[in-house]
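Chain by chain, the residues run as shown.
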Amino acid sequence: MSGFSRTVSMTFDIVTIFPRVIEQPLEAGVLGRAIERGVLDVKVHDLRRFTTDRHHVVDDVPYGGGPGMVLKPEPMFRAVDFVEAERGRPLTVILTSPQGRRFTQADARRLAACQHIALLCGRYEGFDERVRGRATEELSIGDYVLTGGELPALVILEAVARLIPGVVGDEQSVAEDSFSRGLLDFPQYTRPAELTVGESGPTLRVPEVLLSGHHAEIRRWRKREAVSRTLTRRPDLLATASLDEEEKEILRALQDDRMAEWQK
Ligand code: 9D3
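(A) Geometry of the overall build of the protein. Secondary structure assignment for the protein yields 11 helices and nine strands. The globule rule puts the C-alpha radius of gyration for 264 residues at 18 Å, and the 24 Å found for the protein is more than 25% above it. Expressed along its principal axes, the backbone C-alpha trace of the protein runs to roughly 70 × 60 × 45 Å. Out of the 264 residues belonging to the protein, those deemed buried represent 41%. Taking all contacts inside the protein whose residues are at least 6 apart in sequence as the whole, residues at least 24 apart take part in 74%. Here the protein displays about 16,400 Å² of accessible surface, and carbon together with sulfur accounts for 53% of that area. Averaging the locations of the 36 positively and 41 negatively charged side chains of the protein gives two centres separated by 1 Å.

Structure (structure tokens):
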């Protein structure tokens, strides 16, 4: 046995009629490097390869009439059979569709514990209803209309894959991720400390506290900014956020301020 043997942490099988849409973005960045290093394995399966007719037809008209086309069920069944034969069962099979439950960070964390995940990308008006029986879950990435499930599959893949140990270099930044605590990020600045935009524009300054070197004050300022931003922009997150005592205190003070402002 070689001491250098390496085990691939996670495998994604993606079934699509547009393999390049999945493959191209995975060549760059953090995920591309994870694939090169063998920490992550992504297999893209062209749905057309699972057709049996001469013209590799993947869609057909809807029974009952109406606009658009529906993905034929047999190629999709064969594709899932193929992946299942390769990976074994039980296999997590995710169907991407506008009818799915909304994908969240909690789903990403749950799915990161899986060894194999298959993602089926919808196109046209969607899947033949009978294919849903082969999926273990159905996910949407949000309430807007896209042309297919390829970008959603990439979104899910990226959110899950970056949680696999060794995919992102900085484990700390993954652990401290704002969404895992339920607060938005505090504002970030880098050099220079003063910036003049244009010929005679205003001077844009980095908040004094960040230049002070007072670490306790900086920590408190950052907490305050994160809580304040969340209260303004995403109050819905506060219902389930896990705040420490200091953050709860900051939140109460901010709410009192805003209530007072409102009653003036
Ligand atoms: C609910 C919209 N449908 C009304 C007739 C038509 C339709 C729109 C878009 C059917 C399929 C699609 C393609 N979209 C996806 O496959 C999809 C998707 C999305 O559009 N938004 C957010 N998440 C997802 S996951 C898959």
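After presenting the structure, the write-up continues.
(B) Looking closely at a nonpolar patch on the surface. On the surface, a cluster of nonpolar side chains totalling about 440 Å² of accessible area is made up of Phe18, Val21, Tyr144, Leu146 and Leu151. For Tyr144, a relative accessible area of 46% translates into the label partly exposed.

(C) Representation of the domain arrangement of the protein within the structure. For the protein, the assigned domains read domain 1 (10-172) and domain 2 (182-263). Using C-alpha coordinates to define each centre, domain 1 is positioned 38 Å away from domain 2.

(D) Region of the structure containing the site of the ligand. Around the ligand, 17 residues are found, and the nearest of them are Ile141, Gly142, Tyr144, Leu146 and Gly148. Between the ligand and Ser140, the relevant distance is 3.4 Å, taken from a nitrogen atom to a side-chain nitrogen or oxygen of the residue. One nitrogen or oxygen atom from the main chain of Ile141 is found 3.1 Å from a nitrogen atom belonging to the ligand. Bound to the protein, the ligand loses 74% of the 580 Å² it would expose on its own. For the shell around the ligand, the elements supplying multiple residues, two or more each, are strand E5 (92-102) and strand E7 (137-140). With four residues, E5 is the single largest residue contributor to the shell around the ligand. Residues belonging to the shell around the ligand are distributed by class as follows: eight nonpolar, eight polar and one charged.

(E) How the structure looks around the side chain of Ser97. For Ser97, the position within the fold is in strand E5. Reaching out from Ser97, the side chain makes a polar contact with the backbone nitrogen of Gln99 at a distance of 3.0 Å. If sequence neighbours within four positions are ignored, Ser97 has contacts with Arg132, Glu138, Leu139 and Ser140.

(F) Quick look at the side chain of Thr92. The topology assignment puts Thr92 in strand E5. Classification of Thr92 by relative accessible area gives buried; the value is 15%. With residues near it in sequence (within four places) discarded, Thr92 still touches Leu111, Cys114, His116, Ile117, Ala118, Thr136 and Glu137.

(G) Summary view of unusual backbone geometry. In this model, Arg89 is joined to Pro90 through a cis peptide bond whose omega is 0 degrees. Turning to its location among the elements, Pro90 is positioned in the loop between helix H3 (73-87) and E5.

(H) Molecular detail of the packing of aromatic side chains. With the rule as written, the count across this model stands at one aromatic pair. In this structure, Arg49 packs its charged tip against the face of Phe50, placed 5.6 Å from the ring centre.

(I) Representation of the environment of Tyr124. Here Tyr124 is to be found in the loop between strand E6 (116-121) and E7. Between the C-alpha atom of Tyr124 and that of Ile141, which follows or precedes it by 17 residues, the distance is 17 Å.

(J) Seen up close, the sheet that holds strand E1 (residues 10-16). Spatially, the five strands line up as an open sheet ordered E2-E1-E6-E5-E7, and their pairing is parallel. Each of the sheet's edge strands pairs with one partner strand only, and the pair in question is strand E2 (40-46) and E7. Taking the axes of each pair of neighbouring strands and ignoring which way they run, one obtains an average angle of 30 degrees across the sheet. Bridge count for E5 against E7 is five bridges, and the pairing is parallel. By the bridge assignment for E7, Leu95 is matched with Glu138. The sheet strands contacting helix H5 (residues 150-161) are E1, E2, E5, E6 and E7, and the helix crosses E1 at an angle near 175 degrees.

So, how was this worked out
Residues numbered from 1 in each chain as written. Predicted model: local features only at pLDDT ≥ 70, side-chain atom pairs only at ≥ 80, totals over all residues. Heavy atoms only, no water. Helix = DSSP H or I, 4+ residues; strand = E, 2+ residues; numbered from the N terminus. Rg over C-alpha atoms; globule rule 2.2 N^0.38 Å. Buried < 20%, exposed > 50% of the residue type's maximum accessible area, 1.4 Å probe, protein only. Contact = heavy atoms within 4.5 Å. Areas by Shrake-Rupley, 256 points an atom, 1.4 Å probe, with all protein chains shown as cover. Lys, Arg positive; Asp, Glu negative; His and termini not counted. Charge placed at Lys NZ, Arg CZ, Asp CG, Glu CD. Patch = residues over 30% accessible without salt bridge, like charges linked within 9 Å, V, L, I, M, F, W, Y side chains within 5 Å. Salt bridge = Lys/Arg side-chain N within 4 Å of Asp/Glu carboxyl O. Domains from an automatic or database assignment. Near = heavy atom within 4 Å. Polar contact = N/O pair within 3.5 Å; in protein donor to acceptor, adjacent residues only side chain to side chain. Nonpolar A, V, L, I, M, F, W, Y, C, P; charged D, E, K, R; others polar. Phe/Tyr/Trp six-rings, centres within 6.5 Å; stacked < 30°, edge-to-face > 60°. Lys NZ or Arg CZ within 6 Å of the ring centre and 35° of its normal. Pairing = 2+ DSSP bridges. Axes fitted to C-alpha atoms, helices over the stretch in contact; angles between N-to-C directions.

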